[in-house]
Amino acid sequence: MPFGNEQSERMKKFKNKGKDATTLRRQRMEVSIELRKAKKDEQILKRRSIVFSFVHASVSPAEDKNEMSQLSLEDIVEAVNGSNTELQLQATQATRRMLSRQKDPPINQIIDLGIIPRLVEFLTHADNAPLQFEAAWALTNIASGTSDHTKAVVDAGAIPAFISLLSSPHMHISEQSVWALGNIAGDSALYRDALINCNVIPPLLALVSPETPVEFLRNITWTLSNLCRNKNPYPPLDAMKKVLPVLICLMKHEDKDIISDSCWAVSYLTDGSNDRIQIVVDTGILPRLVELMGRPELIIMTPALRAIGNVVTGTDEQTQAAIDAGVLAVLPRLLRHAKPSIQKEAAWTLSNIAAGPSRQIQQLITCGLLPPLVELLDKGDLKAQKEAVWAVANFTTGGTVEQVVELVQSGVLKPLLNLLLAKDSKTILVILDTISNLFRAAERLGETGRLSMLVEELDGLEKIEALQTHDNSMVYRAALNIIEKYFSGEENLDLQPGTSQDGLYDFSVEKQDFNF
Amino acid sequence: MELSDANLQTLTEYLKKTLDPDPAIRRPAEKFLESVEGSQNYPLLLLTLLEKSQESVIKVCASVTFKNYIKRNWRIVGILVEDEPNKICESDRIAIKANIVPLMLSSPEQIQKQLSDAISIIGREDFPQKWPDLLTEMVNRFQSGDFHVINGVLRTAHSLFKRYRHEFKSNELWTEIKLVLDAFALPLTNLFKATIELCSTHANDASALKVLFSSLILIAKLFYSLNFQDLPEFFEDNMETWMTNFHSLLTLDNKLLQTDDEEEAGLLELLKSQICDNAALYAQKYDEEFQPYLPRFVTAIWNLLVTTGQEVKYDLLVSNAIQFLASVCERQHYKHLFEDQNTLTSICEKVIVPNMEFRAADEVAFEDNSEEYIRRDLEGSDIDTRRRAACDLVRGLCKFFEGPVTGIFSGYVNSMLQEYAKNPSVNWKHKDAAIYLVTSLASKAQTQKHGITQANELVNLTEFFVNHIQPDLKSASVNEFPVLKADGIKYIMIFRNQVPKEQLLVSIPLLINHLQAESIVVHTYAAHALERLFTMRGTNNTTLITAAEMAPFVEVLLTNLFKALTLPGSSENEYIMKAIMRSFSLLQESIIPYIPSVITQLTQKLLAVSKNPSKPHFNHYMFESICLSIRITCKANPDAVGSFEEALFMVFTEILQNDVQEFIPYVFQVMSLLLEMHKNEIPSSYMALFPHLLQPVLWERTGNIPPLVRLLQAYLERGANTIASAAADKIPGLLGVFQKLIASKANDHQGFYLLNSIIEHMPPESVDQYRKQIFILLFQRLQNSKTTKFIKSFLVFINLYCIKYGALALQEIFDSIQPKMFGMVLEKIIIPEIQKVSGQVEKKICAVGITKILTECPPMMDTEYTKLWTPLLQALIGLFELPEDNTIPDEEHFIDIEDTPGYQTAFSQLAFAGKKEHDPVGQMVNNPRIHLAQSLHKLSTACPGRVPSMLSTSLNAEALQYLQGYLQAASVTLL
């Protein structure tokens with residue numbers, strides 16, 4: 001079968017109306033394979049140091065560009081492997097400069113020279129701070145490349161060397177090490193855990209103090225966030241518990257980059273099982289996250305929204321914590337945000353809140369989420385519309401009849417039915433299921449006739465009819481089902497009233513039951 | 001089987017025989033081939049033959065046989081089961097996969113298609129894991145430069161990848177797509193560019209161009225499949241290449257590629273049509289990334305529309321292209337592309353108006369294929385037609401530009417009407433287009449049942465109706481300009497809710513007149529329009545058009561309707577029959593004078609169609625009409641029932657004897673209706689049929705069950721005494737039917753209907769000996785497989801029994817089956833479940849029954865059952881006061897589906913054969929609450945002090961308050 005178990009499992013729950021709302025919540029990991037370009041609004045995994053910052057320039061020895069550029073690769077190999085410390089420094093610096101070039105840094109060539117073990121060794125030369133610094137910088141930039149590049153650095157034993165440099169008396173060296181470690185941590189779960197096992201966390205956290213310069217603090221925050229990042233496996237929980245209090249402090253900083261990266265870190269922490277979400281909820285940081293979610297800066301809003309979005313994938317209580325922190329007051333604005341990815345994320349968040357018990361659905365209504373939801377469904381970007389469809393689906397699954405009536409009255413039907421033209425089988429199926437849910441609610445109110453008329457007026461009927469020839473068998477069966485159940489009885493509906501003066505049509509009780 | 005020449009020879013012989021027209025030769029050969037299917041090397045022998053055989057007919061035959069063999073056997077379903085063993089051994093599988101691609105590519109086209117199909121079947125199972133080199137093998141052929149080979153590859157790739165268009169996103173699927181993209185996207189892009197270059201170098205070589213364009217079509221299709229699930233990184237990076245080329249292909253024309261065929265789309269049309277689909281895909285799904293290209297596509301597609309002709313072969317292209325514009329123009333951020341008055345005018349003039357014109361092909365359909373025409377035009381199965389696409393574009397544009405668009409079109413409508421006026425017989429198509437334009441402009445929401453429900457306020461529909469529609473319908477000849485007549489009638493039909501009633505009344509005689517038109521479309525539309533007008537609602541839930549208003553037209557209406565059924569092509573016209581039914585229902589007693597003639601015509605029709613029932617709707621309305629004739633006539637004159645029986649029974653007998661399955665459920669319903677009309681004892685003609693109705697074979701058909709139960713109920717109501725005296729030996733058979741029904745979760749409620757009628761009407765002594773068995777049967781069902789539906793019916797039944805036989809009798813029969821049974825049923829079933837009972841009458845029966853148990857059953861007062869007295873009273877008050885409990889246990893959710901494997905839609909309920917709701921308690925108890933109060937009062941006078949003390953000890957406060965209300969209303973007190 002083309003669809004996984006997760007899928008059919010979900011559909012089952014869907015029909016068993018409101019049975020187990022938590023299974024309606026959709027984690028972020030629907031599929032782990034991506035066809036698209038990496039998202040532009042993701043946090044940067046690895047960074048290369050390109051421009052000379054003020055700090056770097058001041059501590060490097062005088063740099064004579066002519067002299068440097070004359071060094072050939074062979075010269076570099078020779079000098080690095082030689083014992084002349086002056087030449088070592090010059091060659092390392094030349095290497096670092098090549099690697100800092102804006103376009104096409106020759107990382108592969110440098111690796112092929114076989115000098116990486118030597119550069120790692122230079123990290124331990126505590127007596128030669130400039131050499132340590134240049135080597136650290138060069139290695140940072142190598143580690144910023146592909147996984148193979150990072151691997152070359154790690155295989156040369158750089159992890160323990162960099163960790164001990166965290167405690168270097170020279171701030172610029174310890175800062176460069178933080179950066180290098182960030183690149184290594186960002187590569188994979190494997191290296192991240194290797195770092196954690198080498199006890200990177202205590203010295204790293206020790207660098208955070210009220211006196212730490214902002215620039216440095218940014219690096220630390222970014223590296224911390226990479227230590228929280230990646231799944232399969234998740235980072236060890238006890239390590240995360242150590243990092244978390246510091247992250248919470250950093251999140252209260254006023255620097256935008258620091259806030260952004262600490263939010264990213266929390267978003268990674270919450271992107272997992274409910275016990276991980278719980279440690280974040282327990283810190284009481286949700287109100288701050290919600291506040292940040294409402295900030296105009298994209299770099300802050302994006303990760304904060306993600307973190308909150310993850311929290312509401314959790315239990316009803318965790319979701320309630322997010323609601324209590326005020327998430328519902330901020331979401332309308334985000335649902336109307338100009339940027340499609342924000343719309344989408346906000347709608348996803350909403351869909352998971354709508355998967356909750358009816359009292360949470362009620363809060364969603366009370367806080368005025370229906371109008372922006374309907375708007376989004378009507379005019380949003382397709383990716384956001386798909387999430388909005390899920391929100392409506394969950395709403396109709398767990399909501400009470402009265403709540404579903406309110407949803408229909410807010411005008412959800414027209415845009416929902418229009419989306420039956422979406423070129424995405426899954427979305428179509430979810431809409432068809434939603435329509436069935438609506439009819440089920442209408443049945444309880446004895447209003448199926450009105451609903452089917454409404455669906456037809458909004459051109460929904462012909463769209464559902466057209467889906468009876470859809471190539472996806474689940475889609476066509478769902479469409480067929482709705483037609484048979486609610487639209488094929490046209491004649492009987494038709495015949496009911498009109499001449500009912502003499503009670504000729506009064507046959508309603510038995511008629512229901514004839515539907516085997 | 002070895003790969004030997006001898007075996008090849010044998011196989012050739014057998015294959016040849018499978019082509020023999022003589023089944024005596026063909027069948028054994030087919031059987032033989034089937035018997036050797038499981039042998040090793042069999043598929044390889046086939047492949048050898050299709051490659052090397054000397055006879056081309058054997059090659060083709062071998063390729064088809066091979067494809068079918070793969071289709072049947074390649075897939076291994078889960079764990080192998082005995083009757084489905086894996087017929088293809090592993091080594092054969094490997095050999096097939098190793099050879100099939102080159103073989104396919106080197107084969108002539110006929111065989112290539114078969115092998116390509118086989119590859120995609122294999123690929124569906126084995127690709128990518130078990131066939132890792134398939135892609136590289138295919139991609140390598142792109143370099144061959146041989147477009148016969150390349151098209152083979154592309155076709156195969158298309159059949160492998162097209163499932164990406166409809167399958168759900170999953171890890172497995174996306175992993176596969178990623179793999180395909182990595183291997184295929186770049187070579188495909190290069191091939192695309194190279195092919196386009198070759199097109200310009202071979203611009204003067206027709207045969208080369210054909211091959212190249214076939215490739216481009218396949219490439220464009222592959223693009224659609226590969227981009228469907230999400231926008232792949234590769235295609236995002238290469239959007240410029242693809243979109244620039246797609247764009248220029250849209251604008252490309254080459255005389256060499258134009259075809260003379262008017263019907264069949266040529267390569268150029270197919271390619272452009274696919275490109276429109278690709279652009280629409282990007283516009284819908286990847287709007288953000290596609291935005292820079294979109295305006296160019298809008299312009300290109302619209303130019304394409306302006307320059308494309310009216311021939312049928314362009315239909316798909318044109319409707320795809322218009323749909324693209326329609327989907328774009330209603331989006332806020334593309335509004336500006338259409339905003340300019342000149343643009344709007346040009347779209348209206350050059351895109352919309354030309355595509356609304358009535359074409360030669362429509363004219364042919366109107367005359368020669370009316371049924372299809374009606375279905376398309378009336379029932380909206382016109383998706384993908386030009387008119388429909390143009391109509392959608394109008395509606396799309398109206399979202400932002402209703403005023404300007406209406407203004408532009410008003411001008412057009414006027415000029416087209418003027419053209420028509422100059423010379424109607426030549427220019428009638430202009431008027432048709434004008435009407436269509438007004439219709440599509442005015443209608444904003446529409447349903448079959450109500451016509452247009454929301455209209456454009458800028459269009460004056462009534463004025464247009466009076467000035468341009470009515471004159472056509474008033475013209476002396478009903479057969480002149482049939483298309484315009486049909487347009488006019490349709491206009492009345494769909495705008496019936498917008499046009500004032502007085503105009504509708506003016507139209508009615510015109511419509512009746514057009515029932516005589518020769519054109520099938522025209523008289524069908526006239527019948528349909530009348531039928532729709534007759535169903536319109538007026539105030540107070542009455543019909544908008546009253547019988548009194550119709551009085552002057554009754555005769556002509558009925559005459560013309562029945563005459564229309566004799567017009568060529570309309571002998572089983574469902575619209576006319578439906579109009580007949582609706583007219584009867586509206587006109588009521590004013591049809592009585594015409595009934596003798598009507599019933600004769602209907603009976604003849606029935607006799608004729610029962611030879612070969614083919615139009616289910618027609619038949620249904622015919623039976624409805626028969627029912628109406630009976631009801632209306634017998635209401636005024638009950639004795640007339642005999643004359644109906646006389647007219648109908650002969651045909652009915654024939655239907656029953658010939659076992660015309662489609663009609664039998666109808667016959668039972670009409671018979672029920674007739675039988676119920678009798679006021680006295682059941683006529684003997686019915687009694688003679690009684691034993692036959694109990695025949696098991698009738699009950700095996702699901703569709704027969706509801707009408708047969710209904711008929712038996714009528715027998716019991718009218719003839720219980722006769723059955724008891726003259727057919728007592730049939731009572732077990734009758735109960736057997738009950739037992740059969742009660743055994744089924746789907747039909748048990750029907751069983752209860754029957755049982756309730758038996759208990760209510762049969763003389764007690766006639767069923768005495770069966771009573772215990774009946775309860776045992778019910779208890780068994782209750783024990784083994786109870787459902788909510790069963791419990792509801794069961795509760796109603798035992799309370800009905802209690803009312804009929806008394807509470808004490810109920811208690812005694814329960815306890816005689818098993819000691820303390822009565823208490824158990826009270827405690828486990830009645831008290832907890834009574835809340836689930838639904839329906840006025842059902843609730844009343846239960847209330848009266850329970851009241852009897854509470855007040856007329858001594859063991860409730862002085863045995864261990866006493867402890868259940870207050871809970872039972874509380875449950876009864878709950879039944880009165882609490883909302884119905886409609887929760888259904890989880891495990892029952894799917895019962896309908898699981899337990900009715902033989903689902904049949906054979907039963908079509910006739911609304912006009914409808915049974916009046918029957919209330920067995922009837923006048924005996926008017927208000928069950930007061931009845932309870934009075935009964936309690938009576939009980940309390942018999943044993944003073946007991947009742948108040950039971951109430952005060954355990955009835956909850958709220959219930960007590962309600963109870964006091966009842967006592968007050970009944971003005972009684974408890975002693």
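Residues numbered from 1 in each chain as written. Chains lettered and ligands numbered in written order. Predicted model: local features only at pLDDT ≥ 70, side-chain atom pairs only at ≥ 80, totals over all residues. Heavy atoms only, no water.

- The name recorded for chain B in an unreviewed UniProt entry is Exportin-2, from Nyctibius grandis.
- Taken directly from UniProt, the Sequence similarities (unreviewed entry) text for chain B runs: "Belongs to the XPO2/CSE1 family." (UniProt positions renumbered as here; feature names shortened; annotations may be inferred.)

- In the annotation of an unreviewed UniProt entry, the entry for chain A reads IMA5 protein, and the organism field reads Nyctibius grandis.

**Considering the overall build of chain A**
And step 1. Broken down by element type, chain A carries 33 helices and zero strands.
And step 2. Within chain A, the proportion of its 516 residues that are buried is 56%.
And step 3. Once local pairs closer than 6 in sequence are excluded, the contacts in chain A between residues at least 24 apart make up 73%.
And step 4. Per element, the accessible surface of chain A, about 20800 Å² overall, is 53% carbon and sulfur. (Helix = DSSP H or I, 4+ residues; strand = E, 2+ residues; numbered from the N terminus. Buried < 20%, exposed > 50% of the residue type's maximum accessible area, 1.4 Å probe, protein only. Contact = heavy atoms within 4.5 Å. Areas by Shrake-Rupley, 256 points an atom, 1.4 Å probe, with all protein chains shown as cover.)

**Some thoughts on the UniProt feature "repeat: ARM" (unreviewed entry) in chain A**
Residue and element names in this part refer to chain A.
And step 1. The residues that UniProt annotates with the feature "repeat: ARM" (unreviewed entry) are residues 114-157, 157-185 and 326-354.
And step 2. Helix and strand shares over residues 114-157 are 73% and 0% respectively, and the end C-alpha atoms of the span are 14 Å apart.
And step 3. Here residues 326-354 is 83% helix and 0% strand, with 15 Å between the C-alpha atoms at its ends.

**So, the packing of aromatic side chains**
All names here are of chain B.
And step 1. Here the structure, examined in full by the defined rule, presents 49 aromatic pairs over all chains.
And step 2. On the numbers, 5.6 Å between centres and 15° between planes, the contact of phenylalanine 161 with tyrosine 164 is stacked.
And step 3. Among the residues examined, phenylalanine 161 registers a relative accessible area of 0% and is labelled buried.
And step 4. Each ring, one from tyrosine 282 and one from phenylalanine 290, has its centre 5.6 Å from the other, and the planes form 75°; the classification is edge-to-face. (Phe/Tyr/Trp six-rings, centres within 6.5 Å; stacked < 30°, edge-to-face > 60°.)

**Concerning the state of the cysteines**
Residues and elements named next belong to chain B.
And step 1. Following the criterion strictly, the structure yields zero disulfides over all chains and no others.
And step 2. Between cysteine 634, a cysteine without a disulfide, and cysteine 627, which holds the nearest cysteine sulfur, the sulfur-to-sulfur distance is 11 Å.
And step 3. In this model cysteine 943 remains outside any disulfide bridge; the closest cysteine sulfur is found in cysteine 857, 13 Å from its own. (Disulfide = S-S within 2.5 Å.)

**With respect to the environment of alanine 551 of chain B**
Residue and element names in this part refer to chain B.
And step 1. Inspection of the secondary structure puts alanine 551 in the loop between helix H27 (547-550) and helix H28 (554-564).
And step 2. Alanine 551 sits in the partly exposed class, given a relative accessible area of 46%.
And step 3. Separated by 36 residues in the primary sequence, alanine 551 and leucine 587 have C-alpha atoms spaced 8.0 Å apart.

**Overview of the confidence of the model for chain A**
Residues and elements named next belong to chain A.
And step 1. In the predicted model, chain A carries a mean pLDDT of 84, and the fraction of residues at 70 or more is 84%.
And step 2. Of the regions scoring below 50 in pLDDT, residues 1-22 engages in 43 contacts with residues more than four places distant in sequence or in other chains.
And step 3. Every residue in residues 51-68 scores below 50 in pLDDT, and together they form 29 contacts with partners more than four places removed in sequence or on other chains. (pLDDT = per-residue confidence, 0-100.)

**A short note on the pattern of salt bridges**
And step 1. Following the criterion strictly, the structure yields 58 salt bridges over all chains and no others.
And step 2. Residues lysine 429 of chain B and glutamate 363 of chain B are paired through a salt bridge, measuring 3.1 Å at the closest nitrogen-oxygen approach. With lysine 429 of chain B in helix H22 (residues 424-442) and glutamate 363 of chain B in helix H19 (residues 360-368), the pair connects residues that are 66 residues apart, well separated along the chain.
And step 3. Owing to a relative accessible area of 27%, lysine 429 of chain B belongs among the partly exposed residues under this scheme.
And step 4. We note a salt bridge from aspartate 729 of chain B to lysine 730 of chain B, for which the minimum N-O separation is 2.9 Å.
And step 5. Owing to a relative accessible area of 55%, aspartate 729 of chain B belongs among the exposed residues under this scheme.
And step 6. Among the residues examined, lysine 730 of chain B registers a relative accessible area of 27% and is labelled partly exposed.
And step 7. Salt bridges here are not isolated pairs; linked through shared partners, they connect Glu215, Arg218, Asp255 and Asp257 of chain A. (Salt bridge = Lys/Arg side-chain N within 4 Å of Asp/Glu carboxyl O.)

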